[in-house]
Amino acid sequence: MIQPDSDSSKRVAYFYNYQIGKFHYGKEHPMKPKRIAMAHNLIVNYGMYRMLDVYLMREAQLEEIRHFHDQDYIAYLSQFMSQQKVNFVKEYFNQANDMNPLPEGLLNEYKMIEKAKAPQKAVNSEFRVGDSPDNPTFSGLFTFCQLSAGASIDCAHAILSGEADIAINWAGGLHHAKKKEASGFCYVNDIVVCIVELLRIYTRVIYVDIDCHHGDGVEEAFFLSNRVMTVSFHQYGGDFYPGSGNIDSIGSGQGRYFAVNVPMKPGMSDQPYYEVFRKVMSRVMETFRPDAIVMQCGADSLAYDKLGGFNLSIRGHGACVKYMKGFGVPIIYLGGGGYTIQNVSRCWAYETGLTLGLDIDEAIPAQDKFYDLYYPDYKLHFNIRQNVENKNKDEDLNKTIATVYEHLRQIEQAPGIHFHDVPYSFYPQMEMENEDDYPDEKKEYNLSQFDQNPDSQDIAITPFERKLHQKE
């Protein structure tokens, strides 16, 4: 029987939509959104769903995405909506009238659909979308980006509104996307738009990245800011992607010393990784004193990853997640990299448990939809590689920590002032709606039904019903 620890009183908001696991970058592409559905099924089948406030992911509105991304870039990306979404918007537009006007968000999407009617979608090399195997175009690409970003934005809203102490979006964490450029399998930087939302109320936000790859897109977005401290623990050296994240990359202008990079060599294992993480983050938290934390939990730092070179166990990775939770600061956990998908789903399910005060060490539930993918041992945890050299010497790691400490000493005090804007409502542009506006769409969707079919498409989608389940 899974038992919570003494710190299980936190309200945890969890965002999911069955559609997210159905997108497909391509047969040979290492990025598999299916891993998100796999993690979700484990979360349901371990019974964690009952301890969460579960929300249906929504698509971010164009205006929300433009809070960071270039308008022309987003217009170009919007060509790649799913046909289902295009049909929905067109049908809604055709039914609109003076008594039932088209919402502004859908109107903007309709205009983009009309603008992109040309039969041939030309590749624009400036945006790096579709011009390389890394960043392909695929059916529903923009809808995938909207769902990922919409959930991360709503994680921020859940924290700001006091609805949650912790918020989770495993479909987020796409940290390589730039302002007007796709990069490293990432097209829309949900992390940046999430942090921008938090900054409308909070003075200071810390971004922590434990993906094996440097969080370059987020660092670049806030490189000149002293209100966001970006901290990235990543593999560095040789031709390892993206090639950035040297310890001397520290920010610029007002943001000088507010970018923290902890570069490491291949083979990093649990104990030294956690020691470096703990020593760096304790000093960072003491120095910066954030109002909120956004943590990217890329699982390509696990052993056996197809692209990463670290040798972490799920428990080693999760120890960092648990450590940041221990500060008691509102925190948002996002996904990220991870290309051995059965290990990614194991990791994010385990870390969902950690947010609830659980330390799960049980076999994969036999009723899990993806049970066969956990062959041959069908366990949640796996042993790390035994014959892998950790190329990180203790003296080098200590030198890195000392350098980070020296950079942090240059920061005299926690910076910044409050912005006094009022955030968007939890359901943007829907403040005036109530249940009577949707008399024919009300549905009862109880937990037992969800347990039986966690990927069910029969989910109410009206704004007031986006909360699918409240913590029991």
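Basis of the calculations
Residues numbered from 1 in each chain as written. Predicted model: local features only at pLDDT ≥ 70, side-chain atom pairs only at ≥ 80, totals over all residues. Heavy atoms only, no water. Helix = DSSP H or I, 4+ residues; strand = E, 2+ residues; numbered from the N terminus. Buried < 20%, exposed > 50% of the residue type's maximum accessible area, 1.4 Å probe, protein only. Contact = heavy atoms within 4.5 Å. Areas by Shrake-Rupley, 256 points an atom, 1.4 Å probe, with all protein chains shown as cover. Expected span 1.5 Å × (residues − 1). pLDDT = per-residue confidence, 0-100. Pairing = 2+ DSSP bridges. Axes fitted to C-alpha atoms, helices over the stretch in contact; angles between N-to-C directions. Right-handed = clockwise from strand over helix to strand, strands pointing away. Phe/Tyr/Trp six-rings, centres within 6.5 Å; stacked < 30°, edge-to-face > 60°. Lys NZ or Arg CZ within 6 Å of the ring centre and 35° of its normal.

A. Representation of the overall build of the chain in the model. Regarding its fold elements, the chain presents 13 helices and 9 strands. Looking at the 472 residues of the chain, the share that counts as buried comes to 58%. The long-range fraction of contacts in the chain, counting pairs at least 24 apart against all pairs at least 6 apart in sequence, stands at 80%. For the chain, the computed accessible surface area is about 20,100 Å², with 47% contributed by carbon and sulfur atoms.

B. The arrangement of helix H11 (residues 341-355) in detail. Across its 15 residues, H11 extends 21 Å between first and last C-alpha, which sits within 8% of the 21 Å expected from 1.5 Å per residue. Trailing H11 by a residue or two, Gly357 shows a phi angle of about 85 degrees, which is positive.

C. Representation of the confidence of the model for the chain in the model. Summarising the model, the chain shows a mean pLDDT of 85, and 77% of its residues fall at 70 or more. Low pLDDT, under 50, characterises residues 1-6; the stretch is placed with 12 contacts to residues that sit more than four places away or in other chains. Within the model, the stretch residues 417-447 combines pLDDT values under 50 with 69 contacts to residues more than four positions away or in other chains.

D. Layout of the sheet that holds strand S5 (residues 228-235). Strands sit in the order S6-S5-S4-S7-S8-S3-S1-S2-S9 across an open sheet of 9 strands; the sheet is mixed. Of all the strands in the sheet, the pair left with one neighbour each is strand S6 (259-264) and strand S9 (467-469). Strand-to-strand, the axes of this sheet are offset by a mean angle of 20 degrees, without reference to chain direction. Along the sheet face, helix H7 (residues 190-199) touches strand S4 (205-209), S5, strand S7 (292-296) and strand S8 (331-334) and points at about 175 degrees away from the line of S7.

E. Broad picture of the pairing of strand S2 (residues 53-56). Taking every second residue as pointing to the same face, both faces of S2 are buried, with Asp53 and Tyr55 on one and Val54 and Leu56 on the other. As judged from the 4 bridges shared by strand S1 (residues 12-16) and S2, these two strands associate in the parallel manner. Counterpart to Ala13 in the pairing with S2 is Asp53. Tracing the backbone out of S1, into helix H1 (residues 34-45) and back to the parallel element S2 gives a crossover that is right-handed. With 2 bridges connecting them, S2 and S9 associate as antiparallel partners. Within the sheet, the bridge partner assigned to Val54 lies in S9 and is His469.

F. Representation of the packing of aromatic side chains. By the definition in use, this model includes 22 aromatic pairs. When the centroid spacing of 5.1 Å and the interplanar angle of 20 degrees are considered together, the rings of Phe15 and Tyr55 count as stacked. Of this pair, Phe15 sits in strand S1 while Tyr55 sits in strand S2, placing them 40 residues apart in sequence. Note on accessibility: Phe15 and Tyr55 belong to one class, buried. Each ring, one from Phe185 and one from Tyr339, has its centre 5.7 Å from the other, and the planes form 85 degrees; the classification is edge-to-face. Taken together, the positions of Phe185 in the loop between strand S3 (166-169) and H7 and Tyr339 in the loop between S8 and H11 put the pair 154 residues apart, joining distant regions of the chain. A relative accessible area of 9% places Phe185 in the buried class. You can call Tyr339 buried: its relative accessible area is 6%. Counting every residue linked through ring pairs, the aromatic cluster contains Phe233, Tyr273, Tyr274, Phe277, Phe310, Tyr323 and Phe327. One residue, Arg283, lies across the ring of Tyr405, its end atom 3.7 Å from the ring centre.

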